[in-house]
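# Architecture and fold: a report
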Amino acid sequence: MADSPGEKRLAAVPDGLWLSRTSREANTQQAGNFYNGRMLEQRTIKTLTKAVGVGLHGGQRVELTLRPAPADTGIVFRRVDLPVPVDIPVTAESVTDTRLASTISNGGVKVNTVEHLMSACAGLGIDNLYIDITAEEVPILDGSASSFVYLLQSAGVVKQRAPKKFVRVLKPVEVREGEGAQGKWARLEPYHGYKLRFQIDFAHPAVDSTGQSVEFDMSTGVYTRDIARARTFGFTKDVEYMRSHGLAMGGSLENAIVLDDYRVLNADGLRYDDEFAKHKILDAMGDLFLIGHPLLAAYSAYRSGHAMNNQLLRALLDQPDAYEIVSFDNERNAPKGFGELAVQW
């Protein structure tokens with residue numbers, strides 16, 4: 001893994017400089033804009049909420065507790081099953097394994113399969129959250145982000161007295177691997193908002209009969225309706241190999257779309273006509289939110305995955321002139337889809 005200069009750069013920005021670059025007078029107006037509700041503010045949950053499930057790969061029973069966190073905390077996983085609890089703050093550089101899922105670590109202590117929960121946080125605009133967990137893998141629940149959305153919404157979402165911070169992409173950044181039909185790539189480009197486009201290519205009759213390319217824009221779509229219910233998927237031909245290597249031990253028709261060589265085996269079929277591609281959007285939203293702040297960017301990808309998504313974040317952070325940290329002292333200046341999030345709850 002690369003060194004972590006990006007994390008240092010993000011942390012080094014003084015708090016007084018997080019306002020959008022509208023004018024120097026914005027600093028003197030900050031208090032007034034906050035108290036009349038015009039500032040686009042950070043969000044956390046109102047009260048704690050809990051869930052119990054099993055890990056997709058480890059199959060171990062795990063308890064998850066989501067707790068409110070103060071402004072500017074970010075999202076912090078905490079392994080409370082250890083003799084001394086260990087905090088793992090979410091950053092792009094905390095990602096240490098991307099085989100089949102995104103794993104974050106701190107000093108050898110890890111949490112696996114964080115992407116679905118992180119996707120729910122991104123989709124609902126959650127900035128600050130403590131996540132207590134009693135094992136090393138986030139429970140898979142129903143295989144999508146919808147259960148995490150329910151948990152967060154049931155806890156209530158509240159605004160906090162601090163400006164919401166974004167990573168705004170200033171120039172294109174791309175990572176690429178392979179050539180021709182075997183090639184894959186992921187790209188971030190400047191965009192006043194947040195949209196994602198993903199194209200898949202699995203050469204499977206059941207997948208090929210569905211939508212292969214999906215675009216989701218926060219300004220026109222609704223995450224809870226359009227993306228959150230898309231489930232992870234897998235193929236029966238891979239299950240024996242994976243389980244022989246200690247993976248997919250908790251997987252079942254209850255928490256994944258399962259396909260044999262020709263068809264979907266789940267009795268209830270698909271939740272979306274293009275559920276496979278939409279799940280890739282769901283995963284990408286979770287992977288990209290591991291940068292620690294919502295992005296203002298257009299993301300596009302072809303056959304990308306957890307590893308390439310993290311490589312893309314690191315490539316962005318390795319170029320200081322490719323991004324900036326901004327906030328909006330008046331939520332009316334924010335891209336459509338961010339200021340309106342509060343009314344969806």
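Before reading on, note that the structure itself is shown above.
Nothing here was measured: the structure is a model prediction, and the numbers come from that model.

Turning next to the overall build of the protein chain. Looking only at helices and strands, one finds nine helices and 19 strands in the protein chain. Expressed as a percentage of its 345 residues, the buried residues of the protein chain come to 54%. As displayed, the protein chain has an accessible area near 15100 Å², and 49% of this comes from carbon and sulfur atoms.

Here we come to the packing of aromatic side chains. Going through the model one piece at a time under the given rule, you end up with six aromatic pairs. Where F202 meets F233, the ring centres are 5.3 Å apart and the plane angle is 80°; that geometry is what we call edge-to-face. Of this pair, F202 sits in the loop between β14 (194-199) and α5 (205-208) while F233 sits in strand β16 (residues 233-235), placing them 31 residues apart in sequence. The class of F233 is buried, set by a relative accessible area of 16%. By way of ring pairs, the aromatic residues F202, F233, F235 and F276 are connected into one cluster. Residue placement shows R187 over the ring face of W185; its charged tip is 4.4 Å from the ring centre. Lying over the aromatic face of Y191, K195 brings its terminal NZ or CZ to 4.6 Å of the ring centre.

The subject of this paragraph is the nonpolar core. Generally speaking, soluble globular proteins have nonpolar side chains that are buried together. F77, Y223, Y299 and L316 are the most contacted members of the largest nonpolar core, which totals 88 residues. With seven residues, helix α8 (residues 275-288) is the largest single contributor of residues to this core.

Moving on, we get to the pairing of strand β9 (residues 129-133). Side chains on a regular strand alternate between the two faces of the sheet. When you tally the buried positions in β9, you get four out of five residues, the bulk of the element. As judged from the five bridges shared by strand β3 (residues 61-68) and β9, these two strands associate in the antiparallel manner. Paired with T65 across the strands is D132, a residue of β9.

Attention now moves to the sheet that holds strand β6 (residues 95-97). Spatially, three strands are ordered β6-β7-β8 in an open sheet, and the strand pairing comes out antiparallel. In this open sheet, the two strands that pair with only one neighbour each are β6 and β8 (109-111). Averaged over all neighbouring strand pairs, the angle between strand axes comes to 45°, with direction disregarded. Bridge count between strand β7 (residues 103-106) and β8: three bridges; the pairing is antiparallel. Counted as the bridge partner of S105 is K110 from β8.

The five strands are arranged β2-β3-β9-β4-β5 in an open sheet whose pairing can be described as mixed. The sheet is open, and its two edges are formed by β2 (49-54) and β5 (86-89), each paired on a single side. Each strand axis lies, on average, 20° off the axis of its neighbour in the sheet, ignoring direction. Relative to strand β4 (residues 75-79), helix α3 (residues 115-124) is tilted by about 150°, and along the sheet it contacts β3, β4 and β9. Across the sheet, helix α4 (residues 146-155) is in contact with β2, β3 and β9; its angle to β2 comes to roughly 165°.

Attention shifts here to α8. For α8, spanning 14 residues, the distance from its first C-alpha to its last is 20 Å, which sits close to the expected 20 Å at 1.5 Å a residue. With 14 of 14 residues buried, α8 is to be regarded as a mostly interior element.

So, about the side chain of N112. Checked against the element boundaries, N112 lands in the loop between β8 and α3. Since its relative accessible area comes to 14%, N112 is described here as buried. At a separation of 2.9 Å, a polar atom in the side chain of N112 contacts the side chain of T103.

On to the packing of α3 against α4, then. Relative orientation of the contacting elements α3 and α4 amounts to 50°, with a least axis distance of 8 Å. Comparing the axis directions of α3 and α4 gives the class oblique. Handedness of the crossing formed by α3 with α4: right-handed. Along its contact with α3, which presents H116, L117, A120, C121 and L124, the element α4 presents F148, V149, L152 and Q153. Residues belonging to the contact of α3 with α4 are distributed by class as follows: seven nonpolar, two polar and no charged.

Attention now moves to empty space enclosed by the protein. A complete count under the given rule lists three cavities of 30 Å³ or more for this structure. Of the pockets and cavities examined, the largest cavity occupies roughly 110 Å³. Together, 15 residues line the largest cavity, and A122, Y194, F289, P294 and L295 are the ones closest to its centre.

We now examine the pattern of salt bridges. According to the stated counting rule, one finds 18 salt bridges in the structure shown. When the shortest N-O distance is used, the salt bridge between E63 and R61 registers 3.1 Å. Taking the relative accessible area as the measure of exposure, E63 reaches 36% and is therefore partly exposed. With a relative accessible area of 51%, R61 lands in the exposed category. Residue E174 pairs with R176 through a salt bridge whose shortest N-O separation is 2.9 Å. Here E174 falls in the partly exposed class, since its relative accessible area comes to 36%.

Conventions adopted
Residues numbered from 1 in each chain as written. Predicted model: local features only at pLDDT ≥ 70, side-chain atom pairs only at ≥ 80, totals over all residues. Heavy atoms only, no water. Helix = DSSP H or I, 4+ residues; strand = E, 2+ residues; numbered from the N terminus. Buried < 20%, exposed > 50% of the residue type's maximum accessible area, 1.4 Å probe, protein only. Areas by Shrake-Rupley, 256 points an atom, 1.4 Å probe, with all protein chains shown as cover. Phe/Tyr/Trp six-rings, centres within 6.5 Å; stacked < 30°, edge-to-face > 60°. Lys NZ or Arg CZ within 6 Å of the ring centre and 35° of its normal. Core = buried A, V, L, I, M, F, W, Y, C linked by side-chain atoms within 4.5 Å. Pairing = 2+ DSSP bridges. Axes fitted to C-alpha atoms, helices over the stretch in contact; angles between N-to-C directions. Contact = heavy atoms within 4.5 Å. Expected span 1.5 Å × (residues − 1). Polar contact = N/O pair within 3.5 Å; in protein donor to acceptor, adjacent residues only side chain to side chain. Parallel < 35°, antiparallel > 145°, perpendicular 65-115°, else oblique. Left-handed = near helix turned anticlockwise from the far one by under 90°. Nonpolar A, V, L, I, M, F, W, Y, C, P; charged D, E, K, R; others polar. 1 Å grid on protein atoms, 1.4 Å probe; cavity = no way out; pocket = protein on both sides within 12 Å on 5 of 7 lines; lining within 4 Å. Points joined across faces, edges and corners; volume = space filled by probe spheres on them. Salt bridge = Lys/Arg side-chain N within 4 Å of Asp/Glu carboxyl O.

What is shown is where atoms sit, not what they do.
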